[in-house]
Amino acid sequence: MKTIEVDGIKVRIQIWDTAGQERYQTITKQYYRRAQGIFLVYDISSERSYQHIVKWASDVDEYAPEGVQKILIGNKADEEHKRQVPKEQGLQLAREYGMDFYETSACSNLNIKESFTRLTELVLQAHRKELDELRGLPRAPTLARLEEDESSPWGANTPKTCWC
Ligand SMILES: Nc1nc2c(ncn2[C@@H]2O[C@H](COP(=O)(O)OP(=O)(O)OP(=O)(O)O)[C@@H](O)[C@H]2O)c(=O)[nH]1
């Protein structure tokens with residue numbers, strides 16, 4: 001659990017780290033079900049891990065709820081000397097999937113806060129209606145009620161008087 005502040009709103013996020021190994025796949029798929037945001041992470045020093053993203057992305061498509069927000073991450077950016085995946089290649093894949101992309105390093109703390117903040121932002125944007133309610137903006141039902149009043153036999157501009 002972590003609390004972060006996005007656009008002046010304190011958001012408590014619950015973070016799950018799925019196991020990458022094949023033998024845990026059955027359990028991993030259960031994680032997707034209630035996810036609102038997902039990081040697809042590869043290791044920039046492993047071309048193989050990059051190739052696996054296609055499989056992760058297809059699992060996400062299959063098991064995660066519609067509208068789940070996704071970001072592509074190339075981790076271990078501190079290991080430049082071992083790099084096998086050029087940054088441009090990560091960007092390219094992210095573009096194909098329509099995702100944001102970050103290179104991060106859990107070791108040197110590169111882009112960790114930024115990527116979590118961005119994913120949280122995307123999730124909040126996807127739940128804008130609930131967010132507006134939190135901020136106290138007028139809700140859709142209020143508008144619906146106003147429209148109803150406008151089509152009332154007394155017309156839209158009739159002052160709202162008390163009939164009792
Ligand atoms: N240099 C470097 N090493 C990292 C970084 N992030 C993780 N590691 C190392 O990579 C190894 C694997 O890290 P994990 O966090 O277990 O990776 P994982 O993808 O969760 O692994 P699974 O649980 O098997 O799916 C560990 O030795 C970490 O210390 C990083 O940003 N830079």
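Here is what the cut-offs are and how they apply
Residues numbered from 1 in each chain as written. Predicted model: local features only at pLDDT ≥ 70, side-chain atom pairs only at ≥ 80, totals over all residues. UniProt positions renumbered as here; feature names shortened; annotations may be inferred. Core = buried A, V, L, I, M, F, W, Y, C linked by C-beta atoms within 7 Å. Buried ≥ 20, exposed ≤ 12 C-beta atoms within 10 Å, placed from the backbone. Helix = DSSP H or I, 4+ residues; strand = E, 2+ residues; numbered from the N terminus. Right-handed = clockwise from strand over helix to strand, strands pointing away. Pairing = 2+ DSSP bridges. Axes fitted to C-alpha atoms, helices over the stretch in contact; angles between N-to-C directions. Contact = placed C-beta atoms within 7 Å.

- Within an unreviewed UniProt entry, the label attached to the protein reads small monomeric GTPase, and the organism entered is Junco hyemalis.
- Listed under Sequence similarities (unreviewed entry) in UniProt, the entry text for the protein is "Belongs to the small GTPase superfamily. Rab family."
- According to UniProt, the comment filed for the protein under the heading Catalytic activity (unreviewed entry) is "GTP + H2O = GDP + phosphate + H(+)".

1. With respect to the nonpolar core
Item 1. Leu40, Tyr42, Ile53, Ile71, Leu72 and Ile73 are the most contacted members of the largest nonpolar core, which has 19 residues in total.
Item 2. Those elements that place two or more of their residues in this core are β3 (37-43), α2 (47-63), β4 (69-75), α3 (87-97) and α4 (112-126).
Item 3. Residue contributions to this core peak at four residues, all from β3.

2. Description of the pairing of β3
Item 1. Burial analysis of β3 places six of its seven residues in the buried class, which makes it a mostly covered element.
Item 2. For the crossover from β3 across α2 to β4, the handedness is right-handed.

3. Points about the pairing of strand β5 (residues 100-103)
Item 1. Summarising the sheet, β4 and β5 pair through four bridges and their orientation is parallel. Of the residues in β5, the one forming a bridge with Ile73 is Tyr102.
Item 2. Handedness of the crossover joining β4 and β5 through α3 is recorded here as right-handed.

4. Here's the deal with the environment of Val54
Item 1. Locating Val54 in the fold gives a position in helix α2.
Item 2. In this structure Val54 comes out as partly exposed when scored by C-beta crowding, with 13 C-beta atoms within 10 Å.
Item 3. When the C-alpha atoms of Val54 and Gln21 are compared, they prove to be 15 Å apart, with 33 residues separating the residues in sequence.

5. Details of the sheet that holds β5
Item 1. A sheet is described by the order of its strands in space; here three strands give the open sequence β3-β4-β5, paired in parallel fashion. Every other strand in the sheet has two partners, leaving β3 and β5 as the edge strands with one partner each. Strand-to-strand twist in this sheet, taken as the mean axis angle between neighbours without regard to direction, amounts to 25°.
Item 2. In the packing of α2 onto the sheet, contacts are made with β3 and β4, and the angle to β3 comes to roughly 160°.
Item 3. Where α3 meets the sheet, its contacts fall on β4 and β5, and the angle it forms with β5 comes to roughly 160°.

6. Quick word on unusual backbone geometry
Item 1. Positive phi is not limited to glycine here, since Asp7 has a value of about 50°.
Item 2. Following the sequence through the fold, Asp7 ends up in the loop between β1 (2-6) and β2 (9-13).
Item 3. Unlike most non-glycine residues, Lys76 shows phi in positive territory, near 65°.
Item 4. Residue placement: Lys76 occurs in the loop between β4 and α3.

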